[in-house]
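Below are the chains, spelled out letter by letter.
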Amino acid sequence: MKINWAENLRQNVHQLAESLGNLFVETFHYLALFAIGAVTAWAAVMEFLGMIEEGHIKIDDILLLFIYLELGAMVGIYFKTNHMPVRFLIYVAITALTRLLISNVSHHNPPDLGIIYLCGGILLLAFAILVVRYASSQFPSVKIEHPQRKIGTGSGEHPDVEKGEI
């Protein structure tokens, strides 16, 4: 009876704090995404201009541009879906190792055990992509239509579930 106003006030304060917290987190999230995207684009343009200035392009340079492309795509996907595409991180790692492998071979370094390690790393990362793709096809995350954080009697929500997934 008299405690009802206190409970309502507590819920209103909780909702206000949650809304402000979400606003601050999402604002930082979008600013950081724009900054990462801008820095990636700037680095790719500067690298491309450096290639033009040098007058010739090596395979290392092309692979570096692919790394920038993959990073940009990763930022774009994260911006649209709010999910980190782990596969793109693995693609970046594979491209980086491939770039290192081609650089080592093209500079006429004598073959050694390092080349085997690089090839093994690329194979391991390719296997990781296979595992991630299989897991995501066999165990997809289910989306909730209108995710909300309120948990109470009759809400039908699960307390251990991240926002937007079940």
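Residues numbered from 1 in each chain as written. Predicted model: local features only at pLDDT ≥ 70, side-chain atom pairs only at ≥ 80, totals over all residues. Heavy atoms only, no water.

In the nomenclature of an unreviewed UniProt entry, the chain is known as Protein PsiE of Pseudomonas fluorescens. What UniProt records for the chain under Sequence similarities (unreviewed entry) is the sentence "Belongs to the PsiE family." (UniProt positions renumbered as here; feature names shortened; annotations may be inferred.)

Asker: Looking at this structure, I do not really get the packing of helix 1 (residues 3-54) against helix 2 (residues 59-81). What am I missing?
Answerer: The angle between the axes and the distance between the axes are what describe a pair of packed helices. Orientation of helix 1 relative to helix 2, taken along the N-to-C sense of each, is 160°, at an axis distance of 10 Å. With respect to their mutual orientation, helix 1 and helix 2 come out roughly antiparallel. The handedness of the crossing between helix 1 and helix 2 comes out as left-handed. Seen from helix 1, the contacting residues are H29, Y30, L33, F34, I36, G37, T40, A43, A44, E47, F48 and M51; seen from helix 2, they are D61, L64, L65, Y68, L71, G72, V75, Y78 and F79. Classifying every residue of the contact of helix 1 with helix 2 by side-chain character gives 15 nonpolar, 4 polar and 2 charged. (Axes fitted to C-alpha atoms, helices over the stretch in contact; angles between N-to-C directions. Helix = DSSP H or I, 4+ residues; strand = E, 2+ residues; numbered from the N terminus. Parallel < 35°, antiparallel > 145°, perpendicular 65-115°, else oblique. Left-handed = near helix turned anticlockwise from the far one by under 90°. Contact = heavy atoms within 4.5 Å. Nonpolar A, V, L, I, M, F, W, Y, C, P; charged D, E, K, R; others polar.)

Asker: Would you explain the packing of aromatic side chains in this entry?
Answerer: For any pair of aromatic rings, geometry is given as the distance between the ring centres together with the angle between the planes. Tallied over the entire structure, the rule returns 3 aromatic pairs. On the numbers, 5.5 Å between centres and 70° between planes, the contact of Y30 with F79 is edge-to-face. Note that Y30 is positioned in helix 1 and F79 in helix 2, a separation of 49 residues in sequence. A residue is classified by how much of its surface remains accessible, and F79, at 37% relative accessible area, is partly exposed. Aromatic side chains F88 and Y91 sit 5.7 Å apart centroid to centroid with 75° between the ring planes, which places their arrangement in the edge-to-face category. (Phe/Tyr/Trp six-rings, centres within 6.5 Å; stacked < 30°, edge-to-face > 60°. Buried < 20%, exposed > 50% of the residue type's maximum accessible area, 1.4 Å probe, protein only.)

Asker: What is the right way to look at the pattern of salt bridges in this model?
Answerer: Charged atoms that come close allow side chains of opposite charge to pair. For the structure on display, the rule yields 2 salt bridges. A salt bridge links E7 to R10; the nearest nitrogen and oxygen atoms lie 2.7 Å apart. Separated by 3 residues within a single helix, E7 and R10 lie in helix 1, roughly one turn from each other. Across the pair K58 and E54 runs a salt bridge whose closest N-O atoms are separated by 3.9 Å. (Salt bridge = Lys/Arg side-chain N within 4 Å of Asp/Glu carboxyl O.)

Asker: What's the story with the UniProt feature "transmembrane region" (unreviewed entry) in the chain in this structure? I'm lost.
Answerer: Residues annotated in UniProt with the feature "transmembrane region" (unreviewed entry) correspond here to residues 28-50, 62-79, 85-102 and 114-135. Summarising residues 62-79: 100% helix, 0% strand, and an end-to-end C-alpha distance of 26 Å. Summarising residues 114-135: 100% helix, 0% strand, and an end-to-end C-alpha distance of 31 Å.

Asker: Explanation requested: the nonpolar core in the structure shown.
Answerer: Side chains of nonpolar character tend, in soluble globular proteins, to be buried together. Counting residues in hydrophobic clusters, the biggest one holds 6 residues: I90, I94, L101, L118, I122 and I129. Taken together, the elements giving at least two residues each to this core come down to helix 3 (86-106) and helix 4 (113-138). Ignoring any residue separated from it by four or fewer positions in sequence, one finds L118 in contact with L97, L100, L101 and N104. (Core = buried A, V, L, I, M, F, W, Y, C linked by side-chain atoms within 4.5 Å.)

Asker: What am I meant to see in the side chain of T95 here?
Answerer: Following the sequence through the fold, T95 ends up in helix 3. Those residues within four positions of T95 in sequence are excluded, and the remaining contacts are L63, F66, I67 and E70.

Asker: Even after reading the chapter, I still don't get helix 2, so can you show me in this structure?
Answerer: The α-helix advances 3.6 residues per turn, and as a result positions three or four apart in sequence lie on the same side. For helix 2, built from 23 residues, the straight-helix expectation of 33 Å at 1.5 Å per residue is met to within 8% by its first-to-last C-alpha distance of 33 Å. Lining the buried residues of helix 2 we find helix 1 and helix 3. Just past helix 2, the residue N82 takes up positive phi, approximately 65°. (Expected span 1.5 Å × (residues − 1).)

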